Amino acid sequence: MKLKIALLAGDGIGPEVTDQAVKVCNSIAKKFNHEILWIPALTGAVAIEQTGDPYPEETHQVCINSDAVLFGAIGHPRFDNDPSASVRPEQGLLKMRKKLGLFANIRPTFTFSSLIENSPLKKDRIEGTDLVFLRELTGGIYFGERGRKDNGNTAFDTCTYTRSEIQRLAKKGFELAMNRSKKLCCVDKANVLESSRLWRETVQDMEKDFPEVEVTYEFVDAVAMRLVQWPSSYDVLITENLFGDILTDEASVISGSMGLMPSASVGTDICLYEPIHGSFPQATGKDIANPLATILSAAMMFEMSFNLKEEGALIRKVVDESLVEGIVTEDLVREGGRKYKTSEIGDHLANKIF
Ligand code: IPM
Ligand code: MN
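Throughout, residues of each chain are indexed from 1 in the direction in which the sequence is written. Note on labels: chains are lettered from A, ligands numbered from 1, in written order. Since the coordinates come from a predicted model, pLDDT governs what is reported: local features require at least 70, and pairs of side-chain atoms require 80 or more to be given and counted, while whole-chain, interface and lining totals use all residues. Values shown for side chains rest on all heavy atoms present in the structure; no hydrogens or waters enter the calculation.

Next up on the list: the nonpolar core. Among buried residues, those of type Ala, Val, Leu, Ile, Met, Phe, Trp, Tyr and Cys that are joined through side-chain atoms within 4.5 Å constitute a nonpolar core. Type-normalised accessible area, obtained with a 1.4 Å probe on protein chains alone, sets the label of each residue: buried when under 20%, exposed when over 50%, and partly exposed for intermediate values. Within the largest apolar cluster, 68 residues are counted, with the highest numbers of intra-cluster contacts made by Phe112, Phe174, Val203, Phe302 and Val319. Broken down by element, the residue count for this core peaks at nine residues, all from helix α11 (residues 292-306). The domain boundaries here were taken from an automatic or database domain assignment. Shared between two domains, this core takes at least three residues from each, and those domains are domain 1 (1-119 + 258-354) and domain 2 (126-255). Those residues within four positions of Phe302 in sequence are excluded, and the remaining contacts are Leu3, Cys25, Ile28, Ile36, Asn307, Leu308, Glu311, Gly312 and Ile315. Strands are runs of DSSP state E lasting at least 2 residues, helices are runs of H or I lasting at least 4, and numbering of each runs from the N terminus. Here, residues are in contact when the closest pair of their heavy atoms is within 4.5 Å.

Okay, here's the thing in structure tokens:
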């Protein structure tokens, strides 16, 4: 099979971690006789430096002319510490999500039995956790009207949702639940927010179309608590953009490291795969970042964009095995263990595959 993949490495550790995913994918391609054409394109702070735009039109063209997008990370401290900056790397990510119509962000949270001791949470709480968040990605407060008034002394951001935006996300949630344990949790703040009441009303209306799915409605503050108390009680969770952003960072703690959790963003056409972690500026260029989240995102890409299940499964298998062997970066190393470099992890996995 010929696969044309846009490679948006981005900022910080983005290039280092995507390099390892490329090694792994190329090794898979060799083993299964696929041909991968990687098309690099600029995004984030590097794109601002070179073009003035964090998601230039040229990059957008590369994406829409590819079969899938593999994404690293975006963000640079230079912008974080300057609230007056008018162009920011993160705007590139939001623009890209919107322009590519990526309205659903699929973020699984699971544990690796070999890493169960790495989690700061107690083993009996997290064992067996296998849940998936479906985070709405192109609406809500991220995209609502915002601004300043009263000579800059008052600021506002608005959270807006339409019924159809909620329906298309919820539909994916119901479908996913049907393929899993038929349990769906709708996370909102319907006791306070009008937009959440529309979420609840819309999802309630859809229940009749999926009579087998058992739907629960929970407030986001309660979910934040129960997620670390009894994560294995959840299966599929659907939620709006900002709640999903926050809860998925929280959930990543369950697995033992943020550097482990992959994600897929799906929508109307092309899909994008990216680790849930950020650009980790402190680690940039040091060859210490954990590339597994990106490598596991590539596994999701094989499965979801190309329906190449065996390829995805092999990536997961070698990742599992290497974790058991203790071939891990410093975020996961335990007493007496050796710290492996980012590039060593990529080489090791690529060699294991072919
Ligand atoms: C994420 C990130 C982004 C978000 C930032 C970088 C804009 O935190 O993908 O979760 O908030 O969506
Ligand atoms: Mn986030």
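Take the sheet that holds strand β2 (residues 35-40) next. Here a strand pair is declared whenever DSSP counts at least two bridges between the two strands. If you walk across this open sheet you meet the 10 strands as β2-β1-β3-β12-β11-β4-β5-β10-β8-β9, and the pairing is mixed. The open sheet is flanked by β2 and β9 (214-219), the only strands paired with a single partner. In this sheet, neighbouring strand axes are inclined to one another by 25° on average, regardless of whether the strands run parallel or antiparallel. Sheet analysis places strand β4 (residues 104-110) next to strand β11 (residues 262-266), joined by three bridges and oriented antiparallel. Bridge pairing in β11 links Ala104 to Val266. To obtain an axis, a line is fitted to C-alpha atoms, over the contacting stretch when the element is a helix, and the angle between two such axes runs from 0 to 180 degrees between their N-to-C directions.

Near, as used in this document, describes a residue that has one of its heavy atoms within 4 Å of the molecule or strand being considered. Every residue close to ligand 1 is listed here: Glu90, Leu93, Arg97, Arg107, Arg135, Tyr142 and Asp245. In protein, a polar contact requires one atom able to donate a hydrogen and another able to accept it; more generally it is a pair of N or O atoms within 3.5 Å, and residues adjacent in sequence count only if both atoms are side-chain atoms. Here an oxygen atom of ligand 1 and a side-chain polar atom of Arg135 are 2.8 Å apart. Between an oxygen atom of ligand 1 and a side-chain N or O atom of Asp245, the distance comes to 2.9 Å. In these tables, accessible area is a Shrake-Rupley quantity obtained with a 1.4 Å probe, and a residue counts as shielded only by the protein chains included in the view. Surface burial for ligand 1 is 78%, taken as the share of its 320 Å² of free accessible area covered by protein chains. Assessed atom by atom at 2 Å from the grid points, ligand 1 resides in the largest pocket. In terms of residues, the shell around ligand 1 owes the most to one element, helix α5 (residues 89-99), which gives three residues. Residue polarity is assigned by list, with Asp, Glu, Lys and Arg as charged and Ala, Val, Leu, Ile, Met, Phe, Trp, Tyr, Cys and Pro as nonpolar; anything else, Gly included, falls into the polar class. Here the residues of the shell around ligand 1 are counted per class, giving two nonpolar, no polar and five charged. Shared between two domains, the shell around ligand 1 takes at least three residues from each, and those domains are domain 1 (1-119 + 258-354) and domain 2 (126-255). Here a cavity is any set of points on a 1 Å grid over the protein atoms alone where a 1.4 Å probe fits but cannot get out, and a pocket is any open set with protein on both sides within 12 Å along at least 5 of 7 lines; a residue lines the site when it has an atom within 4 Å of a point. Molecule-in-pocket calls rest on the fraction of atoms, with more than half required to lie within 2 Å of the cavity or pocket grid points.

Direction vectors running N to C along α11 and helix α12 (residues 309-324) enclose 160°, while the axes themselves pass 6 Å from each other. Taken as axis vectors, α11 and α12 run roughly antiparallel relative to one another. Crossing geometry of α11 relative to α12 is assigned as left-handed. Contact residues: Leu292, Ile295, Leu296, Ala298, Ala299, Met300, Phe302 and Glu303 in α11; Lys309, Glu311, Gly312, Ala313, Ile315, Arg316, Val319 and Leu323 in α12. Split by residue class, the contact of α11 with α12 holds 11 nonpolar, one polar and four charged. An angle below 35 degrees is read as roughly parallel, one above 145 as roughly antiparallel, one from 65 to 115 as roughly perpendicular, and any other as oblique. Left-handed describes a crossing whose near helix is turned anticlockwise from the far helix through less than a right angle; right-handed describes the clockwise counterpart.

Okay, the domain arrangement of the protein chain next. Examined at the domain level, the protein chain breaks down into domain 1 (1-119 + 258-354) and domain 2 (126-255). The interface of domain 1 with domain 2 comprises 22 residues on the first partner and 26 residues on the second. For the pair domain 1 and domain 2, the summed buried surface comes to about 2,300 Å²; carbon and sulfur atoms form 63% of the total. When two components associate, each loses some accessible surface as probed by a 1.4 Å sphere; the sum of these losses over both components is called the buried area. Interface area lost by domain 1 to domain 2 is led by Phe103, Arg107 and Thr109, which between them contribute 31%. In what follows, salt bridge is the name for a side-chain nitrogen of Lys or Arg lying within 4 Å of a carboxyl oxygen of Asp or Glu. Scanning the region where domain 1 abuts domain 2 turns up zero salt bridges. At the junction of domain 1 with domain 2, the criterion picks out eight residue pairs in polar contact (both at pLDDT 80 or more). Looking at the side of domain 1 that touches domain 2, the elements with two or more residues in it are α5, β4 and β11. Looking at which element gives the most residues to the side of domain 1 that touches domain 2, the answer is β4, with seven residues. Its residues placed into classes, the side of domain 1 that touches domain 2 shows 14 nonpolar, five polar and three charged.

Let's shift gears to the pattern of salt bridges. The full count for this structure, using the stated rule, is 22 salt bridges. Across the pair Arg78 and Glu49 runs a salt bridge whose closest N-O atoms are separated by 3.2 Å. With a gap of 29 residues between them, Arg78 in helix α4 (residues 77-80) and Glu49 in helix α2 (residues 45-51) connect regions that are remote in the sequence. The salt bridge partner of Asp245 is Arg135, with a shortest N-O separation of 3.6 Å. In this pair, Asp245 is assigned in helix α10 (residues 241-255) and Arg135 in strand β5 (residues 130-136), connecting sequence segments 110 residues apart. Taken together, the shared-partner salt bridges connect Lys317, Glu321, Glu325 and Lys352 into one network.

The next subject is helix α8 (residues 194-206). In this analysis, the expected span of each helix is defined as 1.5 Å times one less than the number of residues it contains. Along its 13 residues, α8 runs 19 Å from first to last C-alpha, staying within 8% of the 18 Å computed at 1.5 Å per residue. Tucked inside the fold, the buried residues of α8 contact β5, α7 (163-179), β8 (183-188), β9, β10 (236-239) and α10.

With that settled, the discussion passes to unusual backbone geometry. Of note in this structure, Asp150 is not a glycine but carries a positive phi near 50°. On the secondary structure map, Asp150 appears in the loop between β6 (146-149) and β7 (154-157). Backbone geometry at Asn151 places phi at a positive 55°, although glycine is not the residue there.

Regular strands place side chains that alternate from one sheet face to the opposite one. Here strand β1 (residues 2-10) lies mainly inside the structure; seven of its nine residues are buried. Bridging between β1 and β2 involves six bridges; their strand directions are parallel. When the sheet's bridge partners are listed, Lys2 is paired in β2 with Glu35. This β-α-β element, β1 to helix α1 (residues 14-32) to β2, shows right-handed connectivity. With five bridges joining them, β1 and strand β3 (residues 68-73) adopt parallel strand pairing. Following the sheet pairing, Leu8 is matched in β3 by Phe71. Place the viewer so that the strands point away; then a crossover is right-handed whenever the path from the first strand over the helix to the second strand goes clockwise.

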